[in-house]
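Spelled out, the chains give:
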4 protein chains.
Amino acid sequence: MTNTQLTLIQIDNYGPWTVTPEPRREVDLQTLQSRLYADLSQLFGNRDGYVFFTRFDNMVAVTNGLDTDSHALIQESIGNRYPVTISLSVAVDPSPASALGVATDQLQDAGSAQDRGRTEILRGDALPEPERHEEDVQIAHFDVNNATEKYTDRLNEFDSFINIEQGYAELMQYMRKAHDSLSFFVGGDNIIAVCEDVDVAGYRDAIEHVREAVDVDLKVGVGTDRTAQAAGMAAKHALETCREENIDVVFG
Amino acid sequence: MTNTQLTLIQIDNYGPWTVTPEPRREVDLQTLQSRLYADLSQLFGNRDGYVFFTRFDNMVAVTNGLDTDSHALIQESIGNRYPVTISLSVAVDPSPASALGVATDQLQDAGSAQDRGRTEILRGDALPEPERHEEDVQIAHFDVNNATEKYTDRLNEFDSFINIEQGYAELMQYMRKAHDSLSFFVGGDNIIAVCEDVDVAGYRDAIEHVREAVDVDLKVGVGTDRTAQAAGMAAKHALETCREENIDVVFG
Amino acid sequence: MTNTQLTLIQIDNYGPWTVTPEPRREVDLQTLQSRLYADLSQLFGNRDGYVFFTRFDNMVAVTNGLDTDSHALIQESIGNRYPVTISLSVAVDPSPASALGVATDQLQDAGSAQDRGRTEILRGDALPEPERHEEDVQIAHFDVNNATEKYTDRLNEFDSFINIEQGYAELMQYMRKAHDSLSFFVGGDNIIAVCEDVDVAGYRDAIEHVREAVDVDLKVGVGTDRTAQAAGMAAKHALETCREENIDVVFG
Amino acid sequence: MTNTQLTLIQIDNYGPWTVTPEPRREVDLQTLQSRLYADLSQLFGNRDGYVFFTRFDNMVAVTNGLDTDSHALIQESIGNRYPVTISLSVAVDPSPASALGVATDQLQDAGSAQDRGRTEILRGDALPEPERHEEDVQIAHFDVNNATEKYTDRLNEFDSFINIEQGYAELMQYMRKAHDSLSFFVGGDNIIAVCEDVDVAGYRDAIEHVREAVDVDLKVGVGTDRTAQAAGMAAKHALETCREENIDVVFG
């Protein structure tokens, strides 16, 4: 059974900051956001976690193995290097969607995302070490079959992008409703999902659903382990097996 | 009349690189991609251009005012600092979608995105200085009405994200079909569109369409100028006016 | 005749910030400083300027070709992305040392480096476009003969470093006193000097002085042009000629 | 008794790379070097280590607590994100100078720094966990008394810099010869030394030596702990005590 530890990362009072005293230059905001994400990716990644950029002002991390002290240090390190601060809220649940729900509630209880006085909140409890298991995290790595041949090398780049986006939009909603799982676009034609225990049939359904709804063909490699990093790497290797052996769903 | 200069940016042979000799760690790929985008944002932004991350391995820039030498220098600078190289293809058209279509064709003609021998391509012609005008670039900056109150401070963060994504997915397709315009999610609840001459009625239709299709309420500030930076800043100020005066569409 | 435009860059109130409310983690300060330098290097470099890290909290840039607006934009961009702000002071003089003297005075007149109220100062005048010439900037690029064979591949790395440092310490003082020129260590065994019109005999003297004082053998390529970037690249090519033809001083 | 674990970090074949096929733009090299240093600072810093930039192409890290796997992961992460690779050599000794000597020898034995075939070397043994103690690392954090008042707010910035450099050049040589200790300039008026067991009298001598030789007044805070991070933070707090109580040498 999975037991996913998720951390909601929220930039404090970001919206108002971007237009105070007047609108800041977009290229600087884009640079700030993407570098903040890159740094968080390394800070969590160095501790075997994964971070997804989501909306950039709100990000989601899979943090099995990171305790409160690690979270505090990451929060401090960002505060030392950026003009903005971040709040963090941690929760654990077999269902990723439920874990994120609890994490969101905890942060909302501390105040609004646009409350100037609500900064550097750190809430919630990490999974205690003795309760951690080999199957806590299930990661599914999807990509689009023949994306380069079918889209990138043939269509107007924006139409390629629309196709990928449609595939993603369908998958994220299906996985959320059918499996309480959270799917994130990670660039190219790749989607990484943090899943509750989903079996082969479950993934086949999801792929089938996306194909029928928007005519985008996916395949998926799945990995399960104690941390996001280990499960994610297993998923990547499984996806390579999909590619080599022309199979839709492979468990690593 | 608009005359948009667009540049398609493509990482050369990126897919194969990410799994050679075996899959690279996801946190490093995420760091690489987001920092490459941040750097391009600065490199184009220092020359009054805008870059959108799109799929990260393929990015789109609005580059009115940048000549071929500037493109070559950006290409060289990335090659000096990253383990990957980029190809660039430039095209100009009143319709942003058509400009990107031509830019895509030029790059596809040079070879596949996964052709190892096709690296650091630089194709296409910039808009000659004497042909540049004050109304070449139209930028529309959309955001979601009361996103913090309706979504961020109330829903599970993933459901907030699904709502924003749905709004974006609808808008990108509508603007593409109805107005030959290209819309890009830029974080938070913000979408920036590069538009052909769209008038107030056109933007009202787009907002209405998104409201009906997925129940997401948008407003939009619009700016027009010689460069993306100038048009984009005018759009931001217009969006502030929307906010203050509670209007759906404002031209800056 | 040279006419060097120099900009003094100073982080506002940095010392106190690093220990408030208590000492910040050194690794974060190091990251902040070196990334700020990297960003400034790109921001000035994109406008054909050079920046030297010097003490990191005080940096020196060669900025021929950059007007006040460019400086203001760079200052704003840093303020948008860092937890600290910078002040800038610009001055022009045939002698680089005198230009930096004037730039320093202007900033000191505005208040102490540790005055909390003195932030984002921008003082001084850029060289007007009509007064710019092909010989405004002279850049000399020094390196150590056979540094890899003599030091890196043979000595304890710290002793290699001591040798390089000694060569640098001697050269910086000699060039300052004898030629009103400013020399900066730029990594490896490389030193870049911003010089007043120095001739071949002047460079030979400097090399001879360093050899006698600390037994470190230098060679130098020299370039002259309208901007730091153009002069610096000419200097690099001249240094390659030194290497190939085994000559101590080459003018590009 | 100290037992310092040092890691020599060397960019593979860097010199030739910077001029192949012809000299690369200096601003890009400066950006590359300083960002590589920033990333290493975070990668080692996230594991309680310290990195010093030294010559940038050769860097020195204090790595007590990092095993071979951590080093391998850092090496891989850099290889995934930069156009250059790094070699690492680890050694342990009560004397920091001797540890770096052994680390240097190990790397030199593997081939020249400019040998194209010698890439991503990882040599040497980390201190086994059971042999680690509370007093393994001694860090001394020096700064210059009244640097802002005496130099920054009064002198031409280059002359301030010459004074700081002279103080550093003297200290680095004295600490190397008298105490087998390695001193690194870290920006501003700060020098951090990795020391063998040096007592109060030893630090007083060093300060006295620098004052007599070049008339630069230093003070120093000293910390001792299992890791560089913990010892370094203790040293910073001790330095604050120096400042508050006007004492030259304080042990934390």
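Going by what an unreviewed UniProt entry lists, chain A is known as GTP cyclohydrolase III and is assigned to Natronomonas aquatica. The UniProt entry for chain A carries the following text under Catalytic activity (unreviewed entry): "GTP + 3 H2O = 2-amino-5-formylamino-6-(5-phospho-D-ribosylamino)pyrimidin-4(3H)-one + 2 phosphate + 2 H(+)".

K.L.:
Would you take a moment to explain the sheet that holds strand β2 (residues 50-52) of chain C for this structure?
P.N.:
Either a parallel or an antiparallel arrangement is found when strands of a sheet pair, and the pairing is made through backbone hydrogen bonds. Residue and element names in this part refer to chain C. On the basis of which strands lie adjacent, the open sheet formed by 5 strands has the order β2-β3-β1-β4-β5 and mixed pairing. Either end of the sheet is taken by a strand with one partner, and the two such strands are β2 and β5 (122-123). The pairing of β2 with strand β3 (residues 58-62) spans 3 bridges and is antiparallel. Counterpart to V51 in the pairing with β3 is A61.

K.L.:
Whenever I open this one, helix α4 (residues 96-109) of chain B confuses me. Can you help?
P.N.:
In an α-helix, one turn spans 3.6 residues; hence positions three or four apart end up facing the same way. Residue and element names in this part refer to chain B. Between its first and last C-alpha, α4 extends 20 Å over 14 residues, near the 20 Å set by a 1.5 Å rise per residue. Looking only at α4, the buried set comprises P96, A97, A99, L100, G101, A103, T104, L107 and Q108. Trailing α4 by a residue or two, G111 shows a phi angle of about 135°, which is positive.

K.L.:
Sorry, what's going on with the sheet that holds strand β3 (residues 58-62) of chain B here?
P.N.:
Residues and elements named next belong to chain B. Spatially, the 5 strands line up as an open sheet ordered β2-β3-β1-β4-β5, and their pairing is mixed. The open sheet has two edge strands, β2 (50-52) and β5 (122-124), and neither has a second partner. Put simply, the sheet's adjacent strands are angled 20° from each other on average, direction ignored. Lying over the sheet, α4 contacts β1 (4-11), β3, β4 (86-93) and β5, oriented at roughly 140° with respect to β4. Contacting β2 and β3, helix α8 (residues 228-245) crosses the sheet at an angle of about 75° to β2.

K.L.:
Any chance you could explain the relation of the copies chain A and chain B here in plain terms?
P.N.:
Two chain copies, one operation linking them: a rotation about an axis together with a shift along it. Under the fitted operation, chain A is carried onto chain B by 0.0 Å of movement along the axis and a turn of 180°, and the coordinates agree to an RMSD of 0.0 Å. The superposition operator between the copies reduces to a two-fold rotation axis. Closest approach to the rotation axis among the C-alpha atoms of chain A is made by A:S34, whose C-alpha sits 2.6 Å away. The residues that chain A uses at the interface reappear at the interface of chain B in 100% of cases, marking a shared surface.

K.L.:
Sorry if this is basic, but what is going on with the interface of chain A and chain D here?
P.N.:
Reports of interface size often rely on the accessible area that becomes lost once the parts have come together. Taken together, the contact between chain A and chain D spans 8 residues of the former and 8 residues of the latter. Connecting chain A to chain D are 0 salt bridges. Between chain A and chain D we count 4 residue pairs in polar contact (both at pLDDT 80 or more) in total. If you list the elements that add at least two residues to the side of chain A that touches chain D, you get α2 (26-45) and α3 (68-81) of chain A. In terms of residue class, the side of chain A that touches chain D is made up of 2 nonpolar, 3 polar and 3 charged.

Here is what the cut-offs are and how they apply
- Residues numbered from 1 in each chain as written.
- Chains lettered and ligands numbered in written order.
- Predicted model: local features only at pLDDT ≥ 70, side-chain atom pairs only at ≥ 80, totals over all residues.
- Heavy atoms only, no water.
- UniProt positions renumbered as here; feature names shortened; annotations may be inferred.
- Pairing = 2+ DSSP bridges.
- Helix = DSSP H or I, 4+ residues; strand = E, 2+ residues; numbered from the N terminus.
- Expected span 1.5 Å × (residues − 1).
- Buried < 20%, exposed > 50% of the residue type's maximum accessible area, 1.4 Å probe, protein only.
- Axes fitted to C-alpha atoms, helices over the stretch in contact; angles between N-to-C directions.
- Contact = heavy atoms within 4.5 Å.
- Least-squares fit on C-alpha atoms with pLDDT ≥ 70 in both.
- Salt bridge = Lys/Arg side-chain N within 4 Å of Asp/Glu carboxyl O.
- Polar contact = N/O pair within 3.5 Å; in protein donor to acceptor, adjacent residues only side chain to side chain.
- Nonpolar A, V, L, I, M, F, W, Y, C, P; charged D, E, K, R; others polar.

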